[in-house]
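Residue-level structure breakdown
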Amino acid sequence: MAEEPKPLMIQIDDEVREMTPEEVATHKASIADAPQLGTPE
Amino acid sequence: MTYPVFTNGTVLPASDLNAIGLWLVKTQTIGTGVSSVTLTSCFSSDYDNYLISWSGVTCSAAGVFVGATCVGSTPTASGWYGNTYYVANGALAGLSAANDSNTAFFAMGSTSTTYTNSGQCALQSPYLASETRSQYTNADNNYWRFGAAQLANTTQYDGLKFYPLSGTMTGGTIRVYGYRN
């Protein structure tokens, strides 16, 4: 059985919680077109 | 200029205290396995310009830290323009460049999975009704990086979202300092 992916966690000040679906979409959109800023091969 | 030397019991004149150039505005401990951490209410009319520093951060993926200025806890979705230049550690040539064109973030530093991560980034005018600008220089066991970026709007941002472009982060501390106006 495939392991379920871990939920994405967001921290706002001292509060740590799972991202809402909207926050997940926003976060993924913010990094979707990120240039390769020197990531090791 | 004569700099004051303080001793226990000495009266602290306002003129000396008002000459303190850097003031710790906010400290935030990073939790476990978080994709991002947002510091609210860390920018205000108290300071035009800021220094953001972090240390002891463990990352799950190698790459870069980025930031997004926020209104409340809502980060920028676009608008940042800048460049990052990088060289592989140990190399004397081979400067590469990456361009942030209308991105949601500005580059702040490096992430390594081998060591804990630390760095700093300067940020000008996030709360002023004018352009916001950033600059950084950082290194890890893979790359040395430096860059700058600009957000050309007049929005007054009062918070910062700090995150790795890949993976998650655990532990460590972020501090925001204000440069005295």
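Below, the structure is looked at part by part.

Thresholds, definitions, all that
Residues numbered from 1 in each chain as written. Chains lettered and ligands numbered in written order. Predicted model: local features only at pLDDT ≥ 70, side-chain atom pairs only at ≥ 80, totals over all residues. Heavy atoms only, no water. Helix = DSSP H or I, 4+ residues; strand = E, 2+ residues; numbered from the N terminus. Rg over C-alpha atoms; globule rule 2.2 N^0.38 Å. Buried < 20%, exposed > 50% of the residue type's maximum accessible area, 1.4 Å probe, protein only. Contact = heavy atoms within 4.5 Å. Areas by Shrake-Rupley, 256 points an atom, 1.4 Å probe, with all protein chains shown as cover. Lys, Arg positive; Asp, Glu negative; His and termini not counted. Charge placed at Lys NZ, Arg CZ, Asp CG, Glu CD.

Our next topic: the overall build of chain B. Looking only at helices and strands, one finds 1 helix and 14 strands in chain B. Taking 16 Å as the expected radius of gyration for a compact globule of 181 residues, we find that chain B reaches 18 Å, a close match to that expectation. If one aligns the C-alpha atoms of chain B with their principal axes, the spans along those axes are about 55 × 35 × 35 Å. The buried share among the 181 residues of chain B stands at 44%. A separation of at least 24 residues holds for 76% of the contacts in chain B among residues at least 6 apart in sequence. Element-wise, carbon and sulfur atoms account for 51% of the exposed surface of chain B, whose accessible area totals about 8300 Å². Side chains of chain B give 6 positive and 7 negative charges; the mean places of these two sets differ by 6 Å.

What follows concerns unusual backbone geometry. Residue and element names in this part refer to chain A. If you check the backbone angles, aspartate 13 has positive phi at about 55 degrees while not being a glycine. Considering the arrangement of structural elements, one finds aspartate 13 in the loop between strand S1 (9–12) and strand S2 (15–18). Owing to a relative accessible area of 19%, aspartate 13 belongs among the buried residues under this scheme.

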